[in-house]
Amino acid sequence: MIHRNSGPVVADLHTHSTASDGVDAPARVVERAAAAGVQAMSLTDHDSVSGVAEAQARGRELGIEVVSGAELTAYVGSREVHILGYRLDIHHEGLLAHCEAFRRQRDWRANEIAKRLEAAGAPIDIERVRAIADGGSIGRPHVARALLEAGHVATMEEAFDRFLGEGKPANVPKAEVSPAQVIAIINEAGGFAVHAHPGIGDQFDLIPEMAKAGLRGVEIIHSAHSVTETARATQLSLNHGLLRTGGSDCHGALPGKDELIGRFGLDASRWITLRRSLHDRG
Ligand code: AMP
Ligand code: FE
Ligand code: FE
Ligand code: ZN
């Protein structure tokens, strides 16, 4: 069937490190990917490319191809959309300015979340959240871990279900930015924009508009996608002339989460097709 991988995963193009809300340092993520048997990967931290150089250096040592990447946040109304950028110039000024603005905004947002948690009867120490983030871009998973440590919740899921998820008392959106703006930033940085996990939050309806704005691909394979969601994403990619990518979205071994690295992604034939387009400038 068209939407199924026909061989083992050789490329995991969606991973996170301590540069955002992952557990492992960038070099360690590459080591884990290599240990899982992939030949290629991309480090795609949220609104950050700060881990990419370290990952690529480790990749060269281990003989695994590390495609530069990031997962940029956008909004359509209150819906949060994630757009992956691949083969980015990680020194591009516009991209770095965008990431820096997001980092500062995330810091402000963490304080705002802490205030709301206190009002909701689940106070946390913001300094502890910063320590957990360890210099990386602060995200809700760091706050969820602080809530877990403080004994307010029993699992990370519970932290999102009761406090941090969309529509919950301590949910604070990030910056106002549209998918078209994010796609433009990626394109200006020489990158290749891909709609991440369209199955999460049923975002298939957003693809036609994004394709008009310069989207180049869709993440069809993802750890949270059902077979039906992968098929739907594949169909849309065919209808709109988009490339097909895939990855695990591994954040490392978090409490209650399996190590996903290398378990989701592209098989050899899909990776060869995508790799050709990635290396083909323009
Ligand atoms: P942020 O970037 O701060 O908005 O946090 C978003 C991140 O939180 C996502 O990339 C996931 O890593 C994590 N996340 C979002 N929703 C959930 C959920 N329901 N359960 C666990 N983790 C989640
Ligand atoms: Fe994340
Ligand atoms: Fe995402
Ligand atoms: Zn991700």
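Data block above holds the structure.
Criteria and cut-off values
Residues numbered from 1 in each chain as written. Chains lettered and ligands numbered in written order. Predicted model: local features only at pLDDT ≥ 70, side-chain atom pairs only at ≥ 80, totals over all residues. Heavy atoms only, no water. Donors = N, O, S within 2.8 Å, 3.2 Å for Na, K, Ca; no water. Helix = DSSP H or I, 4+ residues; strand = E, 2+ residues; numbered from the N terminus. Buried < 20%, exposed > 50% of the residue type's maximum accessible area, 1.4 Å probe, protein only. Pairing = 2+ DSSP bridges. Axes fitted to C-alpha atoms, helices over the stretch in contact; angles between N-to-C directions. Left-handed = near helix turned anticlockwise from the far one by under 90°. Contact = heavy atoms within 4.5 Å. Nonpolar A, V, L, I, M, F, W, Y, C, P; charged D, E, K, R; others polar. Near = heavy atom within 4 Å. Polar contact = N/O pair within 3.5 Å; in protein donor to acceptor, adjacent residues only side chain to side chain. Core = buried A, V, L, I, M, F, W, Y, C linked by side-chain atoms within 4.5 Å.

## As for the coordination of the iron ion (ligand 2)
Next, step 1: Distances from the iron ion (ligand 2) to its protein donors, namely D21 (OD), H46 (NE2) and H251 (NE2), fall within the range 2.0 to 2.3 Å.
Next, step 2: Counting along the primary sequence, the residues that act as donors to the iron ion (ligand 2) give the motif D-x24-H-x204-H.
Next, step 3: Here the iron ion (ligand 2) and the iron ion (ligand 3) are spaced 5.8 Å apart. Remark: H251 occurs in the loop between β8 (243-247) and α10 (268-279) and D21 occurs in the loop between β1 (11-15) and α1 (26-35); sequence separation between them is 230 residues. One exposure class covers both D21 and H251, and it is buried.

## Comments concerning the coordination of the iron ion (ligand 3)
Next, step 1: Taken together, E71 (OE), H82 (ND1) and H197 (NE2) make up the protein donors of the iron ion (ligand 3), found 2.0 to 2.2 Å from the metal.
Next, step 2: Read N to C, the donor residues that coordinate the iron ion (ligand 3) are spaced as E-x10-H-x114-H.

## Focus on the pairing of strand β5 (residues 79-86)
Next, step 1: In terms of burial, β5 is a largely internal element, six of the eight residues being buried.
Next, step 2: With eight bridges connecting them, strand β4 (residues 69-76) and β5 associate as antiparallel partners. Along β5, the bridge assignment pairs A74 with V81.
Next, step 3: Once β4 ends, the chain turns through two residues before running back antiparallel as β5, passing G77 with a positive phi of about 60 degrees.

## Points about the packing of α1 against helix α2 (residues 52-62)
When two helices pack together, you describe them by how their axes are tilted relative to each other and by the distance separating the axes.
Next, step 1: Running from N to C, α1 and α2 point in directions that differ by 35 degrees, and their axes come no closer than 7 Å. Seen from above, α1 lies across α2 with right-handed handedness. In this structure, α1 contributes P26, A27, V30, E31 and A34 to the contact, and α2 contributes E54, A55, R58, G59 and L62.
Next, step 2: Of the residues assigned to the contact of α1 with α2, the class counts are six nonpolar, one polar and three charged.

## Structural notes on the site of ligand 1
Next, step 1: In the vicinity of ligand 1, the contacting residues are D21, H46, R106, R109, G139, R140, P141, E157, F160, K174 and H251.
Next, step 2: Contact distances for ligand 1 include 2.8 Å between a nitrogen atom and a side-chain N or O atom of E157.
Next, step 3: Take H251: an N or O atom from its side chain is 3.0 Å from an oxygen atom of ligand 1.

## Side note on the nonpolar core
Next, step 1: With 44 residues, the main nonpolar core has I83, Y86, L95 and W271 as its most contacted residues.
Next, step 2: Among residues more than four places away in sequence, those in contact with Y86 are L13, S42, T44, V67, S68, G191, F192, V194, T245 and L278.
Next, step 3: Within the second largest apolar cluster, 23 residues are counted, among which are L117, I124, A159 and L164.

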